[in-house]
Amino acid sequence: MLNHLIKYAGTIALIAGANLLSTQAHAAAAAATAGIFGIDGGSLLTFSNDQYLSDASTPLHSGFNASSSLQNYFFNDTPSFASIDNSLAPAPQTSAGAVGNGSGSASVLWSFDWVATGNGTATFDAEYLYSATVANLVSGETGIASASVSAVLEGTQNKKDVLFYFNNQNGNTFGDEHLTLNFDVVAGQTGTISITVASNAI
C-alpha cells in the first residue's frame, strides 16, 4: 500500500509540473519537484522528534513555518507555482513552476533524532523522487529548474547530496532514487539527521 501511495504521489507531482508547462505552450517554462517518500534505518536505527523549517514562495505569496508539524502550502499564482505537500508526512514533497516571467520556490529542512538499537554499521536510506524541466526557450530567454536533496549526519562530515537542474537550456529529467548514509554505532548512541529537499523554477 505504501509503495502504491509513493508512486501515486510522485506521478501527481510530475503531472502538476507538466500541466504548468502546457498552460502556455508558446512561453518559456520551468518546473521542478523534489520529495522524500520514505526513510529506513534498518535494524539498528529508530527515529523520533521530527522538526521542520518550511519555506514556499511565489512573487505574490509566501509561507514560512518552523514547528514539529509539516505545513502544507499551495500557491498557484499564474504564471508562478510553489507547493509543500504534507500528505505523506512526516516525509516532505516540494514543487515549483514558472511560465514566462514567473518564479517559484519551495524547500523543507527536516531534522529528526535517531537512537541506535545495537552495535554495528548503520545504514540510513532515504527514498526520493525528483524532476526538473525547462521547455520552450528561444533566443534571448532564460530558464532555470532545479531539484535538490541532501542528507547530513549532524556533528560529522558524513553528508550526501544530489542536484538535478537545467540552466538556460531545454531539458527534462526525472526519477526515483535512494540517498544513503553509512556510519558505525553502538547500542544506545543518539544523534540527529537533517534532510533538505528543495525545488526552484525561474
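Residues numbered from 1 in each chain as written. Predicted model: local features only at pLDDT ≥ 70, side-chain atom pairs only at ≥ 80, totals over all residues. Heavy atoms only, no water.

A separate point is the nonpolar core. Core analysis: the biggest nonpolar cluster contains 46 residues, and Ile 36, Trp 110, Trp 114, Phe 124, Phe 183, Val 185 and Ile 195 have the highest contact counts within it. Once residues lying within four places of it in the same chain are set aside, the contact partners of Trp 114 are Leu 45, Thr 46, Phe 47, Leu 153, Phe 183, Val 185, Gln 189, Thr 190, Gly 191, Thr 192 and Ile 193. (Core = buried A, V, L, I, M, F, W, Y, C linked by side-chain atoms within 4.5 Å. Buried < 20%, exposed > 50% of the residue type's maximum accessible area, 1.4 Å probe, protein only. Contact = heavy atoms within 4.5 Å.)

Within a sheet, neighbouring strands are paired by backbone hydrogen bonds and run either parallel or antiparallel to one another. The antiparallel open sheet is built from 6 strands, whose spatial order is E3-E2-E7-E12-E9-E10. Sheet topology places strand E3 (62-67) and strand E10 (159-167) at the edges, where each strand pairs with a single neighbour. Shown here is a sheet whose adjacent strand axes are inclined to one another by a mean of 10°, direction ignored. Bridge count between strand E9 (residues 144-153) and E10: 9 bridges; the pairing is antiparallel. (Pairing = 2+ DSSP bridges. Helix = DSSP H or I, 4+ residues; strand = E, 2+ residues; numbered from the N terminus. Axes fitted to C-alpha atoms, helices over the stretch in contact; angles between N-to-C directions.)

Of the pairings in the sheet, the one linking strand E2 (residues 45-57) to E3 comprises 6 bridges and is antiparallel in character. Paired with Leu 53 across the two strands is Ala 66, which belongs to E3. The hairpin formed by E2 and E3 contains 4 residues between the paired strands.

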